[in-house]
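Observations on chain architecture
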Amino acid sequence: MMLNASLKDLSDMLAARKVSSVELTQTFLKRIDELNPSLNAFITVDTEKSLAQARAADERIAAGKAEQLTGIPFAQKDIFCARDWLSTCGSKMLANFSAPYDAHVIEQFNRAGAVNLGKTNMDEFAMGSSNETSFFGKVKNPWDVSRVPGGSSGGSAAAVAARLCPAATGTDTGGSIRQPAALVGITGLKPTYGTVSRYGMIAFASSLDQAGPMARSAEDCALMLNVMAGFDSRDSTSLEREKEDYTRDLNQPLKGLKIGLPREYFAEGLSADVARAVEAALAEYRKLGAETVEISLPNTRLSIPVYYVLAPAEASSNLARYDGVRYGYRAPEYGDLTDMYQKSRAQGFGAEVKRRIMIGTYVLSAGYYDAYYIQAQKLRRLIAQDFEAAFRQCDVIMGPTSPSTAFRLGEKSDDPVSMYLSDIYTIAVNLAGLPGMSVPCGLGDNGLPVGLQIVGNYFAEARMLNVAHQYQLATDWHTRMPEGI
Ligand code: GLN
């Protein structure tokens, strides 16, 4: 019962003292113990640290000082620095890195009295769409362990889907919350760029990176976003806006909602089973009183090439700090200083990370900078303008989150471009800085989950959550769980 309870139910149970935070935490730690060996969703679990937080939460509840998430255990993507916890970012480079401070997101959960249940596996430095590039091994999809859970937040996704935790955090640079959410049948939200502070979140591509909630329902995501969002002066791109209650519009009716359907998202490359599930979800929305209109995002086809110039450019700069000097991996044997840099980086980074550093360095180099980097920045503007025009015709945009359901482990490992294409519907949203969600909307061939993507205008998180919640009241796809789990 506790395994399927919503955050609100857990909060009520804790408040009514039907369960203690220690009991709740132990329940999930036991699940992790049993199922993590086959899923590999967690990199670090620290029973003592989690239980100490749970005991503190129980005291706080007893003192009548609880907030809504006090005492609830959450899994944290291993991209967030958490004091005295290993914070590896899925890399050998940081395999022994114990963070000296908390990321803003971790601080916010701590302040709310939540329990850190452990750090989840991820693609190395969040580069990937399948969770196969982690130094700590592949994550398996709980719906079918021969398949990928998506990436890069695949550990968090698998953990939530398999009920190893009530909910988890993720980060999304080009789709890493939404795509894994779709592939394991959970709900995930990437907020408007700047909504959640990037302080202490290990940087991949700073102009795109954004943290968000991964949970089983839109309502749970709203409760988490209430804790995660907010201005932080330590992140220069953090937005100074008034604090919002993201649950405030959950119960608004959808009558009159205008849903834009981008012609380019329902075209070649989309699997038939995904298309069918998305169409059925749209039919449900029409029943709820929404109207659909066809729109166009003409520059969609440019989003992958633009992203794969800009994201590697930013990554090559961000990852320059891993030089074997201050922290992180240092090669055990080397000659002079340059040799130490070279060996440490050659041994500490995996193949995908090296590929990105090389591409990024190339597009930023003198002579190529104008042709690639500057050109990509101009196209990024055009992609954002497509959305601006679209939102003059509709309130939200819908389509598939991912072109197919979960693919097989190893299926795309040797073909980076085919791997990159699995983010075709999510990447433009990051380039434009818009908020996007993925909501479970059916099962495709082989009984694998399908995700519906909902994209809102800037700062429309509360509206998107409302749109998702109303659908989840009318359907039960978000409650389905993998068999045998
Ligand atoms: N799959 C994309 C990439 O490999 C996006 C990853 C992400 O959002 N962190 O870069």
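Residues numbered from 1 in each chain as written. Predicted model: local features only at pLDDT ≥ 70, side-chain atom pairs only at ≥ 80, totals over all residues. Heavy atoms only, no water.

All right, on to the overall build of the protein chain then. When helices and strands are tallied, the protein chain shows 15 helices and eleven strands. Its C-alpha radius of gyration of 21 Å places the protein chain within 12% of the 23 Å reference for a compact globule of 485 residues. Taking the principal axes of the C-alpha coordinates as reference, the protein chain spans close to 65 × 55 × 45 Å. Counting the 485 residues in the protein chain, one finds 61% classified as buried. Put simply, 76% of the contacts in the protein chain that link residues at least 6 apart link residues at least 24 apart. Carbon and sulfur atoms make up 50% of the accessible area of the protein chain, which amounts to about 17900 Å² in all. (Helix = DSSP H or I, 4+ residues; strand = E, 2+ residues; numbered from the N terminus. Rg over C-alpha atoms; globule rule 2.2 N^0.38 Å. Buried < 20%, exposed > 50% of the residue type's maximum accessible area, 1.4 Å probe, protein only. Contact = heavy atoms within 4.5 Å. Areas by Shrake-Rupley, 256 points an atom, 1.4 Å probe, with all protein chains shown as cover.)

Near the ligand, the surroundings consist of 15 residues, among which Gly174, Ser176, Tyr307, Arg356 and Asp423 are the closest. In this structure, a nitrogen atom belonging to the ligand sits 3.5 Å away from a side-chain N or O atom of Ser152. Separating an oxygen atom of the ligand from a backbone N or O atom of Gly175 is a distance of 3.3 Å. For the ligand, whose unbound accessible area comes to 290 Å², protein coverage reaches 100%. More than half of the atoms belonging to the ligand lie within 2 Å of the grid points that define the largest cavity. Its residues assigned to classes, the shell around the ligand shows five nonpolar, seven polar and three charged. (Near = heavy atom within 4 Å. Polar contact = N/O pair within 3.5 Å; in protein donor to acceptor, adjacent residues only side chain to side chain. 1 Å grid on protein atoms, 1.4 Å probe; cavity = no way out; pocket = protein on both sides within 12 Å on 5 of 7 lines; lining within 4 Å. Sits in = over half its atoms within 2 Å of the grid points. Nonpolar A, V, L, I, M, F, W, Y, C, P; charged D, E, K, R; others polar.)

Next up on the list: the packing of aromatic side chains. A complete count under the given rule lists 16 aromatic pairs for this structure. Residues Tyr285 and Tyr471 carry aromatic rings whose centres are separated by 5.3 Å and whose planes lie at 10° to one another, so their mutual orientation is stacked. Of the two residues, Tyr285 is situated in helix α8 (residues 272–287) and Tyr471 in helix α15 (residues 461–474); the sequence distance between them amounts to 186 residues. Here the two residues Tyr285 and Tyr471 agree in accessibility, since each one is buried. Look at Tyr369 and Tyr373: their rings are 5.3 Å apart centre to centre, the planes differ by 25°, and that puts the pair in the stacked class. Linking Tyr369 with Tyr373, this pair stays in helix α12 (residues 369–390), spanning four residues, or about one helical turn. Taking relative accessible area as the criterion, Tyr369 reaches 32% and is therefore assigned partly exposed. You can call Tyr373 buried: its relative accessible area is 15%. Among the aromatic side chains, those forming a connected cluster through ring pairs are Phe97, Phe125, Tyr322, Tyr327 and Phe349. The ring of Phe459 carries the charged tip of Arg241 above its face, separated from the ring centre by 3.7 Å. (Phe/Tyr/Trp six-rings, centres within 6.5 Å; stacked < 30°, edge-to-face > 60°. Lys NZ or Arg CZ within 6 Å of the ring centre and 35° of its normal.)

Across the eight residues of strand β10 (residues 436–443), seven count as buried, placing the element largely inside the fold. Between β10 and strand β11 (residues 449–456), which follow one another and run antiparallel, lie five residues, and Asn446 among them has a positive phi close to 65°. (Pairing = 2+ DSSP bridges.)

Moving on: the packing of helix α2 (residues 21–39) against helix α3 (residues 47–62). In contact at an axis separation of 8 Å, α2 and α3 are set at 155° when each is read in the N-to-C sense. Classified by the angle their axes make, α2 and α3 are roughly antiparallel. Relative to α3, the crossing made by α2 is right-handed. On α3, the residues that touch Ser21, Val22, Thr25, Gln26 and Leu29 of α2 are Thr47, Ser50, Leu51, Ala54, Arg55, Ala57 and Asp58. A per-class count over the contact of α2 with α3 returns five nonpolar, five polar and two charged. (Axes fitted to C-alpha atoms, helices over the stretch in contact; angles between N-to-C directions. Parallel < 35°, antiparallel > 145°, perpendicular 65-115°, else oblique. Left-handed = near helix turned anticlockwise from the far one by under 90°.)

For the coordinates displayed, the defined rule picks out four cavities of 30 Å³ or more. Computed from the structure, the largest cavity encloses a volume of approximately 70 Å³. Together, Ala126, Gly128, Ser129, Thr173, Gly174, Gly175, Ser176, Phe204, Tyr307, Tyr308, Arg356 and Asp423 line the largest cavity. Looking at the lining of the largest cavity residue by residue, the classes come out as four nonpolar, six polar and two charged. What the second largest cavity holds in volume is close to 40 Å³. Lining the second largest cavity are Trp143, Gly185, Pro440, Gly442, Leu443, Pro449, Trp477 and Arg480. Among the elements that line the lining of the second largest cavity, the one with the most residues is β10, at three residues. Of the residues belonging to the lining of the second largest cavity, the class tally is five nonpolar, two polar and one charged. (Points joined across faces, edges and corners; volume = space filled by probe spheres on them.)

Before going further, it helps to spend a moment on the nonpolar core. Ranked by size, the top nonpolar core spans 154 residues in total, and within it Phe125, Tyr285, Phe387, Met398 and Ile454 carry the most contacts. In this view, Met398 contacts Ile259, Gly260, Leu261, Pro262, Phe266, Leu282, Tyr285, Leu452, Gln453, Ile454 and Val467; residues no more than four positions away in its chain are not counted. (Core = buried A, V, L, I, M, F, W, Y, C linked by side-chain atoms within 4.5 Å.)

Here we take up helix α1 (residues 7–15). Among the residues of α1, Leu7, Leu10, Ser11, Met13 and Leu14 are the ones counted as buried. The buried residues of α1 occupy an angular sector of 165° when the element is viewed end-on, so they sit on one face. Close packing links the buried residues of α1 with α2, α3, β2 (73–77) and α7 (218–228). Arg17 sits one or two positions beyond α1 and adopts a positive phi of about 60°. (Arc of directions from axis to C-beta.)

For the rest of this paragraph, the subject is a nonpolar patch on the surface. Together, Val325, Leu337 and Tyr341 make up a nonpolar patch on the protein surface, roughly 250 Å² of accessible area in all. By the secondary structure assignment, Val325 is in the loop between α9 (303–318) and α10 (337–348). (Patch = residues over 30% accessible without salt bridge, like charges linked within 9 Å, V, L, I, M, F, W, Y side chains within 5 Å. Salt bridge = Lys/Arg side-chain N within 4 Å of Asp/Glu carboxyl O.)

Inspection of the secondary structure puts Ser303 in helix α9. Relative accessible area serves as the criterion here: at 0%, Ser303 is assigned to the buried category. Here the side chain of Ser303 touches Thr300 through a polar contact of 2.8 Å, landing on its backbone oxygen. For Ser303, the contacting residues outside a window of four places in its chain are Ile383, Ile424, Ile427, Ala428 and Leu431.

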